[in-house]
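Coordinate inspection notes
Here is what each chain is made of, one letter per residue.
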Amino acid sequence: MTFEQFSLDRRIGAAIHAVGYTTPTPIQQQAIPVVLSGRDVLGLAQTGTGKTAAFLLPILQRLTNGPLRRVRALIVAPTRELAEQIHQMSIDLSKNTQVRSVTVYGGVSKVHQVAALKRGAEIVVACPGRLLDLLGDGSIDLSHVEVLVLDEADRMCDMGFLPDIRRILKVLPQRRQTLFFSATMPDDIRELADHILKDPVTVQIGMIAPVETVSHALYPVPDALKRGLLMALLEQTATGRVLIFTRTKHRARNLARDLAKCGYRASALQGNMSQNQRDQAINGFRDGKYDILVATDIASRGIDVMEITHVINYDMPDTIDAYTHRIGRTGRAHQSGEAFTLASVENKPMVQMIEEVLGAEIERRRLPGFDYGAFVPESQFGRTAPHRQQRADRHPPRRGASEKRHAHTSMRKMV
Ligand code: AMP
């Protein structure tokens, strides 16, 4: 299947070519024709599947015809990072057309957002709070919206945005196309979808179970040895970009600091940081200034950095959804990735639940050469296999930028 088969405007086709997409991903294959036909969509897909382009491309196709400089497509996303990511992709894909996109989110001054809206845009990518704020001010007119996208709806619900979403829905035209994306479908999300979608087509890609391109491994370890095990694991593993998850903001900050002390180019990404600091962390990770980002679940939403080779659950996630979202950050769009989870005995019930969803047992691993003291990894989670050994030349202990590229290339070859 090729993008040509969608018969998109040639200016959009040229932009797809310029960003380097050659083949539509499964969700794009399923969703693009449906969205082009004008039907509502219930998309069960997680980040990393190519869902953003799946809704943006047909929206752009619609917007290249018809009036300009009025808001005709509204995309609502839970976080600033995700909104920025969608906006960037919109800029890339619409660059040969007259379609403009603006972002609307809190944590930064309203002035530029209001000015951009005044200049006129067809696409608004918004987080709920600031959008309501601007609606209250009369700075935004949504009466011409033809398409509404709710992205990561389950996440919006987790973050308490459901009442805001309901208020936004009230000011939108009834006659519109609605595209609803969620990685999971808890009851309240199902109810919202039933309420707002009219005769939707469901497109479903790998619901709940994390993308197949990720291999999962579990490292049994008592809490007291976690830090040492992580350091040893990083030493022994040929990694590219690594995203590490902790349970709390405090733990993210401390761990990033400890990693930096050990010579790793690491930064934290957590909710106590200012927007500017968060942007610096994400951009630094994307541009190669940092190899490791230590994040909390909430702060990590919307990180769109291609080629994350490893996701490490330093702390076990609280829910299966959180596991799915974390793991969705690696193995994106046809690339392979590895997901390591450090688990202590208290995490056993969650491990069992994740395995049920995955439909397979996660491989238990013991890190060779690591001093577990009196702890016997096999005692708590069953049989283990040794950590997959990698050739010494593939894991220089302190990596500079050029060595890093080498390590990453090796990783690509191995998987
Ligand atoms: P998303 O699920 O929208 O967050 O997309 C995940 C990543 O896949 C993004 O970095 C996209 O740029 C990339 N991507 C989307 N569609 C394609 C495609 N057809 N071919 C290659 N990469 C893609």
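Residues numbered from 1 in each chain as written. Predicted model: local features only at pLDDT ≥ 70, side-chain atom pairs only at ≥ 80, totals over all residues. Heavy atoms only, no water.

To continue, consider the environment of M273. Structurally, M273 can be placed in the loop between β10 (266-269) and α12 (275-287). Relative accessible area serves as the criterion here: at 14%, M273 is assigned to the buried category. C-alpha separation for the pair M273 and A299, spaced 26 residues apart in sequence, amounts to 9.5 Å. M273 has contacts with A268, R278 and A281, leaving out every residue within four places of it along the chain. (Helix = DSSP H or I, 4+ residues; strand = E, 2+ residues; numbered from the N terminus. Buried < 20%, exposed > 50% of the residue type's maximum accessible area, 1.4 Å probe, protein only. Contact = heavy atoms within 4.5 Å.)

So, about helix α3 (residues 51-63). Helical geometry: 3.6 residues make up each α-helical turn, so side chains three or four residues apart lie on a common side. Between its first and last C-alpha, α3 extends 19 Å over 13 residues, near the 18 Å set by a 1.5 Å rise per residue. Burial analysis of α3 places 12 of its 13 residues in the buried class, which makes it a mostly covered element. Residues of α3 that are buried include every one of K51, T52, A53, A54, F55, L56, L57, P58, I59, L60, Q61 and L63, and no others. (Expected span 1.5 Å × (residues − 1).)

All chains considered together, the criterion is met by 6 aromatic pairs. For the pair F55 and F181, a centre-to-centre distance of 5.4 Å together with 45 degrees between the ring planes defines the contact as tilted. Note that F55 is positioned in helix α3 and F181 in strand β6 (residues 177-182), a separation of 126 residues in sequence. Each member of the pair, F55 together with F181, is buried. Taking 5.4 Å as the distance between ring centres and 75 degrees as the angle between the ring planes, the aromatic pair formed by Y219 and F340 counts as edge-to-face. Taken together, the positions of Y219 in strand β8 (residues 214-220) and F340 in strand β13 (residues 337-343) put the pair 121 residues apart, joining distant regions of the chain. Comparing Y219 with F340 shows no difference in burial state: the two are buried. Clustering of aromatic rings is evident, with ring pairs tying together F3, F6 and Y21. Directly above the aromatic system of Y314 lies the positively charged group of K226, at a separation of 5.4 Å from the ring centroid. (Phe/Tyr/Trp six-rings, centres within 6.5 Å; stacked < 30°, edge-to-face > 60°. Lys NZ or Arg CZ within 6 Å of the ring centre and 35° of its normal.)

Now for helix α9 (residues 187-196). Three or more residues of α9 are buried, namely I189, L192, A193 and I196. End-on, the buried residues of α9 take up no more than an arc of 100 degrees, which puts them together on one face. Across from the buried face of α9, at angles greater than 90 degrees, the exposed residues are D187, E191, D194 and H195. Contacts from the buried residues of α9 go to β1 (41-44), β5 (147-150), α7 (153-158), α8 (162-171) and β6. (Arc of directions from axis to C-beta.)

Next up on the list: the side chain of T296. With respect to the helices and strands, T296 occurs in the loop between β11 (292-295) and α13 (297-300). When sequence neighbours within four positions are dropped, the list of residues in contact with T296 reads F245, T246, T248, K249, A252, L269, Q270 and G271.

Bringing the confidence of the model for the protein into the picture now. When pLDDT is averaged along the protein, the result is 86, and 87% of the positions lie at 70 or above. Under a pLDDT of 50 for its full length, residues 389-415 has, in the predicted model, 51 contacts with residues more than four places off or in other chains. (pLDDT = per-residue confidence, 0-100.)

Turning to the packing of α8 against α9, a few remarks are in order. Taken N-terminus to C-terminus, the directions of α8 and α9 make an angle of 0 degrees; their axes are 12 Å apart at the nearest point. The angle between the axes of α8 and α9 places the two elements in the roughly parallel class. Contact residues: α8 offers L162, I165, R166 and L169, while α9 offers D188, L192 and I196. By residue class, the composition of the contact of α8 with α9 is 5 nonpolar, no polar and 2 charged. (Axes fitted to C-alpha atoms, helices over the stretch in contact; angles between N-to-C directions. Parallel < 35°, antiparallel > 145°, perpendicular 65-115°, else oblique. Nonpolar A, V, L, I, M, F, W, Y, C, P; charged D, E, K, R; others polar.)

Tracing the sequence through the fold places R155 in helix α7. Given the relative accessible area of 4%, R155 is considered buried. Along the chain, R155 and I298 lie 143 residues apart, while their C-alpha atoms are 9.0 Å from each other.

Burial of β13 is extensive: 7 of the 7 residues sit out of reach of the surface. Residues of β13 alternate between two faces, with G337, A339, T341 and A343 on one and E338, F340 and L342 on the opposite face, all of them buried. Bridge count for β8 against β13 is 7 bridges, and the pairing is parallel. Among the inter-strand pairings, P220 is bridged to a residue of β13, identified as A343. With 4 bridges connecting them, strand β12 (residues 308-313) and β13 associate as parallel partners. Its bridge partner being in β13, V311 is matched across the sheet by A339. (Pairing = 2+ DSSP bridges.)

So, about unusual backbone geometry. Unusually for a residue other than glycine, S7 sits at a positive phi of about 50 degrees. Along the chain, S7 falls in the segment before α1 (10-19). Residue classification places S7 among the exposed residues on the basis of a relative accessible area of 57%. In this structure, D199 takes a positive phi of about 45 degrees despite not being glycine. The residue D199 is located in the loop between α9 and β7 (201-204) in this model. Under the relative-accessibility criterion, D199 is labelled exposed at 57%.

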